[in-house]
Number of protein chains: 2
Amino acid sequence: MKFFNPDIFGFIAAALTTVAFLPQVIKTWLTKRGDDVSMTMLILFITGLLFWIIYAVQTNSKPVLIANIITFILNMIILILKLIYEDKNSNKKPNQVII
Amino acid sequence: MKFFNPDIFGFIAAALTTVAFLPQVIKTWLTKRGDDVSMTMLILFITGLLFWIIYAVQTNSKPVLIANIITFILNMIILILKLIYEDKNSNKKPNQVII
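Reading the values: the criteria
- Residues numbered from 1 in each chain as written.
- Chains lettered and ligands numbered in written order.
- Predicted model: local features only at pLDDT ≥ 70, side-chain atom pairs only at ≥ 80, totals over all residues.
- Heavy atoms only, no water.
- Least-squares fit on C-alpha atoms with pLDDT ≥ 70 in both.
- Contact = heavy atoms within 4.5 Å.
- Phe/Tyr/Trp six-rings, centres within 6.5 Å; stacked < 30°, edge-to-face > 60°.
- Helix = DSSP H or I, 4+ residues; strand = E, 2+ residues; numbered from the N terminus.
- Buried < 20%, exposed > 50% of the residue type's maximum accessible area, 1.4 Å probe, protein only.
- Axes fitted to C-alpha atoms, helices over the stretch in contact; angles between N-to-C directions.
- Parallel < 35°, antiparallel > 145°, perpendicular 65-115°, else oblique.
- Nonpolar A, V, L, I, M, F, W, Y, C, P; charged D, E, K, R; others polar.
- Salt bridge = Lys/Arg side-chain N within 4 Å of Asp/Glu carboxyl O.
- Patch = residues over 30% accessible without salt bridge, like charges linked within 9 Å, V, L, I, M, F, W, Y side chains within 5 Å.
- Areas by Shrake-Rupley, 256 points an atom, 1.4 Å probe, with all protein chains shown as cover.
- Buried area = accessible area lost by both parts, 1.4 Å probe.
- Polar contact = N/O pair within 3.5 Å; in protein donor to acceptor, adjacent residues only side chain to side chain.

## Observations concerning the relation of the copies chain A and chain B
- Superposing chain A onto chain B takes a rotation of 180° plus a shift of 0.0 Å along the axis, which leaves an RMSD of 0.0 Å. Each copy turns onto its partner about a two-fold axis. Within chain A, the C-alpha atom positioned nearest to the axis of rotation is that of aspartate 36 of chain A, 2.6 Å from it.
- Of all interface residues in chain A, 100% are interface residues in chain B too; the two copies therefore contact each other through one and the same surface.

## Quick word on the packing of aromatic side chains
All names here are of chain B.
- Per the stated rule, a full pass over the model turns up 9 aromatic pairs over all chains.
- With a centroid separation of 5.3 Å and an interplanar angle of 40°, the aromatic rings of phenylalanine 21 and phenylalanine 45 are classed as tilted. Separated by 24 residues along the polypeptide, phenylalanine 21 in helix 2 (residues 21–31) and phenylalanine 45 in helix 3 (residues 39–58) bring together distant segments of the chain. With respect to class, phenylalanine 21 is no different from phenylalanine 45; both count as buried.

## What to know about the side chain of asparagine 75 of chain A
Residues and elements named next belong to chain A.
- With respect to the secondary-structure elements, asparagine 75 resides in helix 4 (residues 62–89).
- With a relative accessible area of 2%, asparagine 75 lands in the buried category.
- Excluding anything up to four places from it in sequence, asparagine 75 contacts Phe21, Leu42, Phe45, Ile46 and Leu49.

## With respect to the packing of helix 2 (residues 21–31) of chain A against helix 3 of chain B
- Across the interface, helix 2 of chain A lies against helix 3 of chain B with an axial gap of 7 Å and an inter-helix angle of 175°. When the axis of helix 2 of chain A is compared with that of helix 3 of chain B, the two are roughly antiparallel. Residues Phe21, Pro23 and Gln24 of chain A of helix 2 of chain A touch helix 3 of chain B, and the partners they reach there are Thr40, Met41, Leu44 and Phe45 of chain B.
- When the residues that make up the contact of helix 2 of chain A with helix 3 of chain B are grouped by side-chain class, the tally is 5 nonpolar, 2 polar and no charged.

## Here we look at the pattern of salt bridges
- As enumerated under the stated definition, the model contains 6 salt bridges over all chains in all.
- For aspartate 35 of chain A, the salt bridge goes to arginine 33 of chain A, with nearest N and O atoms at 3.7 Å.
- Classification of aspartate 35 of chain A as buried rests on a relative accessible area of 4%.
- Judged by relative accessible area, arginine 33 of chain A falls into the partly exposed class, the value being 22%.
- One salt bridge connects glutamate 86 of chain B with lysine 82 of chain B, and the closest N-O pair in it is separated by 2.8 Å. Taken together, the residues span about one helical turn, with glutamate 86 of chain B and lysine 82 of chain B both in helix 4 (residues 62–89) at a distance of 4 residues.

## Let's talk about a nonpolar patch on the surface
All names here are of chain A.
- A surface patch of nonpolar side chains, amounting to about 440 Å² of accessible area, comprises Val19, Leu22, Ile26, Trp29 and Leu30.
- In terms of residues, the nonpolar patch owes the most to one element, helix 2, which gives 4 residues.
- You can see valine 19 is positioned in helix 1 (residues 6–19).

## A short note on the interface of chain A and chain B
- Facing 43 residues of chain A, the contacting portion of chain B comprises 43 residues.
- Carbon and sulfur atoms make up 70% of the area that chain A and chain B hide from each other, which totals about 3900 Å².
- At the surface where chain A touches chain B, the tally comes to 2 salt bridges.
- One salt bridge in this structure joins arginine 33 of chain B and aspartate 36 of chain A, with 3.1 Å as the shortest N-O distance.
- Connecting chain A to chain B are 13 residue pairs in polar contact (both at pLDDT 80 or more).
- Broken down by secondary-structure element, the contributors of at least two residues to the side of chain A that touches chain B are helix 1, helix 2 and helix 3 (39–58) of chain A.

This is how it looks when you write it as structure tokens:
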């Protein structure tokens, strides 16, 4: 079935999977907590985004480049906020699971 | 600079941004908590992944299809675990920020 140009689905997909991380930035900032967000996930995901950025540069794909740069920035903010608040709250929860 | 086949970077990127969500599944399951994970992020991200799956089917891109199906499954598990544990802990934290 090809009722629509597949690019339309690609653009909607890229927009959603990019903008999705903005609510996480806002939530972490408002609650001053990111303990339940996995540090390993953030590190693997951010590293993966760096590889997507390299791939986009090498293949001259502007949409892939722009989407991944925005996603990279949003996830770096989440990681930094998590580290800041974890440090401030560290005396309250000594038995935290670190993953 | 094109020292390497760009596809290598694409494969590493896809593997990392897919496998990244496994530690979040494990963390949410072990801690029985997903309160700090944004519900809006999960819904937007999962919806975006559905559009990537449609895009992959329409463009016959198997790597995009496989990566997004795995990412979709992992994020659905995170969403379901979050909902299960949030419900069980709901009487403990009445002033939670819902984002």
